[in-house]
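The chain contents come next:
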Amino acid sequence: MAVRAVVIEADGGSRGNPGPAGYGAVVRDPETGEVLAERSESIGTATNNVAEYRGLIAGLEAAAELGAAEVEARMDSKLVVEQMCGRWQIKHPGLRPLAAQAAGLVSRFAAVRFTWVPRERNRHADALANAAMDAAASGAAPAAAAAEAREATVVRATGTDPATTPASWEPRPTEEATRLILVRHGETERTVQKRYSGRGDVPLTERGRAQARATAARVAALAPSVAAVVSSPLSRCTATAEAVAAQVGNPPVRTDDDLIECDFGVWEGHTFAEVREGWAAELDAWLASTRVAPPRGESFVTVAERTGRAVDRLRSAYPGETVVVVSHVSPIKLVLRDALAAGDAFLHRLYLDTAGISVLDLYPDGGVAVRSVNDTSHLTDV
């Protein structure tokens, strides 16, 4: 039976960009959240953007088959959403035929709206896409993996999808939260070489500067109004922060020493393998306890104390406003650990990319809501 309106959730990706690729698409009833159709497919070797477009096309085709007249297409690909809305040019020749195919499908509906959503609100399509990518990498059919992905996506008995519906326990304070947009600095030579990079003032690479510009555009899209940009004093952070500030109204970049990276002491500039070879016992002790510091370095307990001070100052100084915080992997992990009330094992299990963005809200009553972690959707073409 035909339906009047549907929501499409679509995603795609590749293992390697280009690499083994696949897409996933889900069509839902906008009122109940009921899944009306699913599509997923392995597409061989392709780029992330090609796979994302293929996911959108599959979702639009499924919506057309259902006889929908109105569509809201939700994706965590900023590029596809902006291009389909006509705000960004389609520069890559490989994407133009796919965009044209999607536009042709759009013309079959009475109304189509494109909406960017964070990745955590696109979990069902993401799971289907990952299952298809796994199948592409293994050469197997994606059906079994896709079924497993569907089981992992919880739909409440009412049919409402928790990925798109606010949780019932979400605080609703009478005052607005202070929003922190946490940004890890862009790429440096040491991040490329996977070397401990603490207090050494290493600059951004050319790619790191490009990441900073992409991150700045992403932050500007996330936050119409930014009260302040606060940065670690090291140049890889201040350069990233200045790029962000230029996109959000040019507030002055203020540095805070409490946001500086952990002091890795004698391990500075070494790889993990080199540290394992030269300081095996010390490394084991450091991995086992946040109270242990690298030789002549700083413990994570100490880093957490100073990052906690920095967060408290921002909460007090900017009530109800948005602040961009540009720092390093260790301070950001510790802020997120404390915001999520997680254990210390969290620090060694969470991966934060260079120029990744995480968002959390700090409420006046002490409540905390983590909105996103390590968003890298803006780095697809960097």
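The structure this text deals with has already been given above.
The rules behind these values
- Residues numbered from 1 in each chain as written.
- Predicted model: local features only at pLDDT ≥ 70, side-chain atom pairs only at ≥ 80, totals over all residues.
- Heavy atoms only, no water.
- Helix = DSSP H or I, 4+ residues; strand = E, 2+ residues; numbered from the N terminus.
- Buried < 20%, exposed > 50% of the residue type's maximum accessible area, 1.4 Å probe, protein only.
- Contact = heavy atoms within 4.5 Å.
- Areas by Shrake-Rupley, 256 points an atom, 1.4 Å probe, with all protein chains shown as cover.
- Pairing = 2+ DSSP bridges.
- Axes fitted to C-alpha atoms, helices over the stretch in contact; angles between N-to-C directions.
- Parallel < 35°, antiparallel > 145°, perpendicular 65-115°, else oblique.
- Nonpolar A, V, L, I, M, F, W, Y, C, P; charged D, E, K, R; others polar.
- Phe/Tyr/Trp six-rings, centres within 6.5 Å; stacked < 30°, edge-to-face > 60°.
- Arc of directions from axis to C-beta.
- Core = buried A, V, L, I, M, F, W, Y, C linked by side-chain atoms within 4.5 Å.
- Salt bridge = Lys/Arg side-chain N within 4 Å of Asp/Glu carboxyl O.

Caption draft 1: Structural detail: the overall build of the protein chain. Check the secondary structure of the protein chain and you find 13 helices and 11 strands. Every one of the 382 residues in the protein chain was classed for burial, and the buried ones make up 51%. When contacts within the protein chain are restricted to residue pairs at least 6 apart in sequence, those whose partners lie at least 24 apart make up 70%. Surface exposure of the protein chain reaches about 17300 Å², of which carbon and sulfur atoms provide 50%.

Caption draft 2: Quick look at the pairing of strand β2 (residues 19-28). Here β2 lies mainly inside the structure; nine of its 10 residues are buried. When strand β1 (residues 5-14) meets β2, the two strands line up antiparallel, connected through eight bridges. Each bridged residue has a counterpart across the sheet, and for Val 7 the counterpart in β2 is Arg 28. Hairpin geometry of β1 and β2 is characterised by an intervening segment of four residues between the two adjacent antiparallel strands and by a positive phi of about 130 degrees at Gly 16.

Caption draft 3: Main features of the sheet that holds strand β7 (residues 228-231). Within the open sheet, the six strands sit side by side as β8-β7-β9-β6-β10-β11. Their pairing is mixed. Each end of this open sheet is capped by a strand with a single partner; those strands are β8 (253-255) and β11 (368-375). Put simply, the sheet's adjacent strands are angled 20 degrees from each other on average, direction ignored. Pairing of β7 with strand β9 (residues 322-327) involves four bridges; the strand directions are parallel. Across the sheet, Val 230 pairs through a bridge with Val 325, a residue of β9. Together, β6 (178-184), β9, β10 (357-362) and β11 form the strand contacts of helix α7 (residues 206-222), whose direction differs from that of β10 by roughly 30 degrees.

Caption draft 4: Structural detail: the packing of helix α11 (residues 300-317) against helix α12 (residues 329-339). Contact geometry of α11 with α12 gives a least axis separation of 9 Å together with a crossing angle of 75 degrees. Considering their axes alone, α11 and α12 lie roughly perpendicular with respect to each other. Packed against α11, whose contacting residues are Phe 300, Val 303, Ala 304, Thr 307 and Val 311, the element α12 presents Ser 330, Pro 331, Leu 334, Val 335 and Arg 337 at the interface. Among the residues forming the contact of α11 with α12, the class breakdown is seven nonpolar, two polar and one charged.

Caption draft 5: Summary view of the packing of aromatic side chains. According to the stated counting rule, one finds six aromatic pairs in the structure shown. Measuring from centroid to centroid gives 5.0 Å for Tyr 196 and Phe 264, while their planes differ by 55 degrees, and the two rings are tilted. Here Tyr 196 is found in the loop between α6 (189-192) and α7, whereas its partner Phe 264 is found in the loop between β8 and α9 (272-278), with 68 residues between them in sequence. Its relative accessible area of 12% is what places Tyr 196 among the buried residues. Plain terms: the ring middles of Tyr 196 and Trp 286 are 6.1 Å apart, the flat faces sit at 75 degrees to each other, and that makes the pair edge-to-face. You can see Tyr 196 sitting in the loop between α6 and α7 and its partner Trp 286 sitting in helix α10 (residues 280-288), a full 90 residues away along the chain. Trp 286 sits in the buried class, given a relative accessible area of 7%. Cluster of aromatic residues (ring-pair linked, three or more members): Tyr 196, Phe 264, Trp 267, Trp 286 and Phe 300.

Caption draft 6: Main features of helix α3 (residues 96-106). For α3, every residue scored as buried is listed here: Leu 98, Ala 99, Ala 102 and Leu 105. The buried residues of α3 occupy one face: seen down the axis, they fall within an arc of 120 degrees.

Caption draft 7: Summary view of the sheet that holds strand β3 (residues 35-46). In spatial order, the strands read β3-β2-β1-β4-β5; together these five strands make up an open sheet with mixed pairing. Looking along the sheet, the strands with just one partner apiece sit at the ends: β3 and β5 (111-116). With direction set aside, neighbouring strand axes in the sheet form an average angle of 15 degrees. With respect to the sheet, helix α1 (residues 48-65) is in contact with β1, β2, β3, β4 (70-75) and β5, its orientation differing from that of β1 by roughly 155 degrees.

Caption draft 8: Summary view of the nonpolar core. The biggest cluster of nonpolar side chains holds 35 residues, and the ones touching the most others in it are Ile 8, Tyr 53, Leu 56 and Leu 60. Residue assignment for this core shows that the elements contributing at least two residues are β1, β2, β3, α1, β4, α2 (78-84), α3 and β5. Those residues in contact with Tyr 53 that sit more than four places away from it in its chain are Leu 79, Val 80, Gln 83, Met 84, Ile 90, Leu 95, Leu 98 and Ala 99. In this structure, Val 230, Leu 259, Trp 286 and Phe 300 belong to the second largest nonpolar core, which totals 34 residues.

Caption draft 9: Geometry of the pattern of salt bridges. A complete count under the given rule lists 23 salt bridges for this structure. Across the pair Glu 72 and Arg 74 runs a salt bridge whose closest N-O atoms are separated by 3.2 Å. For the pair Glu 72 and Arg 74, a shared accessibility class is recorded, and that class is buried. The residue Asp 344 makes a salt bridge to Arg 337 at a minimum N-O spacing of 2.8 Å.

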